[in-house]
Amino acid sequence: MKPIHSFALAALSIAVLSGCNKAPEQSSQSTSITTTSVATQAAVKAPVAKKVPHEMTIHGDTRIDNYYWMRDDERKDPAVIAHLNAENAYTEQQLAHTTQLQATLFDELKGRIQKDDDSVPTKNGSYYYSSQTRGDNEYPTYVRAKDGKGTEQEVILDVNELAKGHDYYAATGLTVSPNGNLLAYGEDTVSRRIYTILVKDLTTGELLEDKLEGTDGDVVWANDNKTFYYIKKDLQTLLGYQVYRHTLGTPQSQDELVYEETNTSYYTGLGKSKDKQEIYIWHGSTSASGVSVIDANNVKAQPKRLIEREENLEYDIAKHGDWYYIVTNLNAVNFQLMKVHKDKAHDKANWQTVIAARDDVKLEGIGLFANHLVYKEREMGQSRLTIRNLKSGDEQTLSFNDSSYMIHAYGNNELDNPHLRVYYASMTTPGTSYDIDLNSTEKTLLKQQAVVGDFNADNYASERLFIKARDGVEVPVSLVYRKDKFKKDGTNPLLQYAYGSYGATMDPRFSSSRLSLLDRGFVFAIAHIRGSQMLGRPWYEDGKLLNKKNTFNDFVDVTKGLVTQQYGDESKIFAMGGSAGGLLMGAVANQAPELYQGMVAAVPFVDVVTTMLDASLPLTTNEYGEWGNPNEKVYYDYMLSYSPYDQVSKQAYPNMLVTTGLHDSQVQYFEPAKWVAKLREYKTDNNKLLFKIDMEAGHGGASGRFKSLQDTAFNYAFILDLAGIKE
């Protein structure tokens, strides 16, 4: 967990870009390219799940769940496993005729990726850290050097070696000790996001005996180089709630519990100040946040709350000398920047405004340097970065050529760095890293994501438009297409994606995989629906709790608007979403199935009421601020009215591909399993309903960089086949 509003990379931490960290729109489940003969298609029938009535009563209302039996927390029940295997066999048979198309797509996707690829080195302490991928390796190798040119590189972790013998492998939270001699990291071989922390001696290359189980994978080192802090998870709910202090060479059983979160609506995270003097325990719910501070130089120090937590008060701090800079919603719906001397921070009356709140501009985060403040804002859906000289007060806002783009700062670990490192992309511009001079704002291009083959950005165009929803609100939409394939006469197939929950904003970004759709004539659109923060915090508030249906209505209304404006063929409109975006797919399928020829619902959260009534499931009690607590009747009634599983009815549904992972840690596999079974029972059409379960993976799908492309090829083949595009 990162601080809610900070865009600075956590100190002494190296980002692990593995398959489990995909963006929501890329979240899907792995599959192998099938070789089933078309001749066998008649032999496999759609699985019909048995019905075992399970009664659930609350608020005087009784629901009957005939497929509740599919829940098996151990994932070993023979009947459940047999049913899931039958679903996989049916899906494989139904898409057997797309085998060659899947292979073609996979070759395209893989062919655009530069096999030998290095990340841009980032400085942390005495070293520059980066990652390398080589040849057909699925995973990165992490290296460091004494200079930014990579002279005399030293391998600190080869994930390819660690992953050998595992169907799934993820390394996370790579964090080097202050003296540079030790590397702590977390590993997960099941895809449940429960990590074992290991420590490697970088001077000898050997692992220490320390092995910490049941964690979230991240550590923060104290400054003595032999003590670190980590978070332990509840193995049932998967919620990280205990912060422990570990001393190297001692067993985990002797670790000191320094903080325990007793409020199950809060997430817990760890961080460290940029000057390395303080360690932070971050507390965050969907409606409040805060921080406790630990002296990084005192291994016996106890955490102290900056201020007492308050409902609906959010804040995030960054240390600069003896001052805290605070991004907060205190008296500011769209947040403001304040500062306070650290000795007076406990009283909000001492907080001084630095950047005042504005109704139409959201302050999203800050980064601090020795003499500069960098802050990120969003206005009318577009982000921007501004550099302020802390001595003179002069400001310069960074400018770029694209009309719509995403930008964020990363790897800025040193206070005295003269440059700001940023990552920039648009829907037509591949991801690009720049160093920007903090005084002159002169940009130095460090790297642009290579797209192997005949890619030419000039062949593609991106647009940003607003479409009016049924209540008169205008919804932003970002879209991209290939110029010579787009006619704007209502003949192009169109794929619309959205997420729309937790305030997560899906900025327009580049995807080399997406080119396989655009080159075949597709228009790709991102609907920035309510539930995100594309238009500020009110945009989020208007898409959660008792306003959640706005999210679904916006998506449907954007589809209608795009068809009306002839961006897409009304008979070839497709929709895609994952996780909470899978909830979106389910709700939209119930509300307006006639609009879509096909849908892909990845790891979908569809059994809203039952899940939110079960505190033993992961991400339930700490989600009450997002969906509501159905133990209260007003929320129960509202959630029930849109819950995709509860609202399945006897009607025609679009062609649908549903994916999940047996070991999913966020949305349990049995939610989509039950949903598919009920859809089969109720739907009145002959459209495809396919369910693909990765029996090895979890919420993020496959873990390797090439293996995960099989997921995308599979999903794209489903869509292209329905659109009548066979190659």
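Preceding this section is the structure that the text describes.
Analysis parameters
- Residues numbered from 1 in each chain as written.
- Predicted model: local features only at pLDDT ≥ 70, side-chain atom pairs only at ≥ 80, totals over all residues.
- Heavy atoms only, no water.
- Helix = DSSP H or I, 4+ residues; strand = E, 2+ residues; numbered from the N terminus.
- Rg over C-alpha atoms; globule rule 2.2 N^0.38 Å.
- Buried < 20%, exposed > 50% of the residue type's maximum accessible area, 1.4 Å probe, protein only.
- Areas by Shrake-Rupley, 256 points an atom, 1.4 Å probe, with all protein chains shown as cover.
- Lys, Arg positive; Asp, Glu negative; His and termini not counted.
- Charge placed at Lys NZ, Arg CZ, Asp CG, Glu CD.
- 1 Å grid on protein atoms, 1.4 Å probe; cavity = no way out; pocket = protein on both sides within 12 Å on 5 of 7 lines; lining within 4 Å.
- Points joined across faces, edges and corners; volume = space filled by probe spheres on them.
- Pairing = 2+ DSSP bridges.
- Axes fitted to C-alpha atoms, helices over the stretch in contact; angles between N-to-C directions.
- Contact = heavy atoms within 4.5 Å.
- Core = buried A, V, L, I, M, F, W, Y, C linked by side-chain atoms within 4.5 Å.
- Salt bridge = Lys/Arg side-chain N within 4 Å of Asp/Glu carboxyl O.
- Expected span 1.5 Å × (residues − 1).

Draft legend 1. How the structure looks around the overall build of the protein chain. Looking only at helices and strands, the protein chain features twelve helices and 39 strands. Since a compact globule built from 727 residues should have a radius of gyration of about 27 Å, the 25 Å found for the protein chain is in line with a globular shape. Each principal axis of the C-alpha distribution contributes one length, and for the protein chain these read about 70 × 55 × 50 Å. By residue count, 60% of the 727 residues in the protein chain fall in the buried class. Element-wise, carbon and sulfur atoms account for 46% of the exposed surface of the protein chain, whose accessible area totals about 27,500 Å². Within the protein chain, the 94 negative side-chain charges are centred at a point lying 2 Å from the centre of the 77 positive side-chain charges.

Draft legend 2. Region of the structure containing the layout of surface pockets. Quantified by volume, the largest pocket comes out at close to 410 Å³. Lining the largest pocket are 24 residues, with Thr 286, Ser 287, Glu 311, Asn 312 and Gly 625 sitting closest to its centre. Of all elements in the fold, only helix H5 (537-541) and helix H9 (624-627) reach the threshold of two or more residues within the lining of the largest pocket.

Draft legend 3. Structural view of the sheet that holds strand S24 (residues 361-368). Spatial strand order, S24-S25-S26-S27: four strands in an open sheet with antiparallel pairing. At either end of the open sheet lies a strand with only one pairing partner, and these are S24 and strand S27 (395-397). Each strand of the sheet is rotated relative to its neighbour by a mean of 25°, with strand direction disregarded.

Draft legend 4. How the structure looks around the sheet that holds strand S16 (residues 267-272). With antiparallel pairing, four strands are arranged side by side in an open sheet as S16-S17-S18-S19. Strands at the two margins of the open sheet, each flanked by one partner only, are S16 and strand S19 (304-305). Examined bridge by bridge, strand S17 (residues 278-284) and strand S18 (residues 289-295) share seven bridges and lie antiparallel to one another. Note on S18: the bridge partner recorded for Ile 279 is Ile 294.

Draft legend 5. Broad picture of the environment of Leu 202. Note that Leu 202 resides in the loop between strand S11 (195-201) and strand S12 (207-221). Among the residues examined, Leu 202 registers a relative accessible area of 10% and is labelled buried. Sequence separation of Leu 202 and Ser 265 is 63 residues, and the distance between their C-alpha atoms is 39 Å. Setting aside residues up to four positions removed in sequence, Leu 202 forms contacts with Arg 144, Glu 154, Ile 156, Val 176, Gly 180, Asn 181, Leu 182 and Leu 183.

Draft legend 6. Structural context of the nonpolar core. With 112 residues, the main nonpolar core has Phe 522, Phe 555, Leu 562, Tyr 596 and Trp 675 as its most contacted residues. Ranked by residue count, the leading element in this core is helix H12 (residues 707-722), at nine residues. Residues in contact with Phe 555, not counting those within four places in the same chain, are Gln 496, Tyr 497, Ala 498, Ala 527, Ile 529, Ala 575, Leu 584, Met 585, Val 588 and Tyr 596.

Draft legend 7. The arrangement of the pattern of salt bridges in detail. Taken as a whole and judged by the stated rule, the model has 40 salt bridges. Between Arg 71 and Asp 614 there is a salt bridge whose closest N-O contact spans 2.5 Å. With Arg 71 in the loop between strand S3 (61-65) and helix H1 (78-94) and Asp 614 in the loop between helix H8 (608-612) and H9, this pair connects stretches of sequence that are 543 residues apart. Judged by relative accessible area, Asp 614 falls into the buried class, the value being 18%. A salt bridge links Glu 377 to Arg 384, with the shortest nitrogen-to-oxygen separation between them at 3.0 Å. Each of Glu 314, Arg 537, Glu 541 and Lys 544 takes part in salt bridges that share partners, so that together they form one network.

Draft legend 8. Up close: H12. Compared with an ideal rise of 1.5 Å per residue, which puts 16 residues at 22 Å, H12 spans 24 Å between its outermost C-alpha atoms and is within 8% of the ideal. Counting buried positions over the 16 residues of H12 gives 14, a clear majority of the element. Looking one or two residues past H12, Gly 724 carries a phi angle of roughly 85°, positive in sign.

As far as function goes, none of this settles anything; it's purely spatial.
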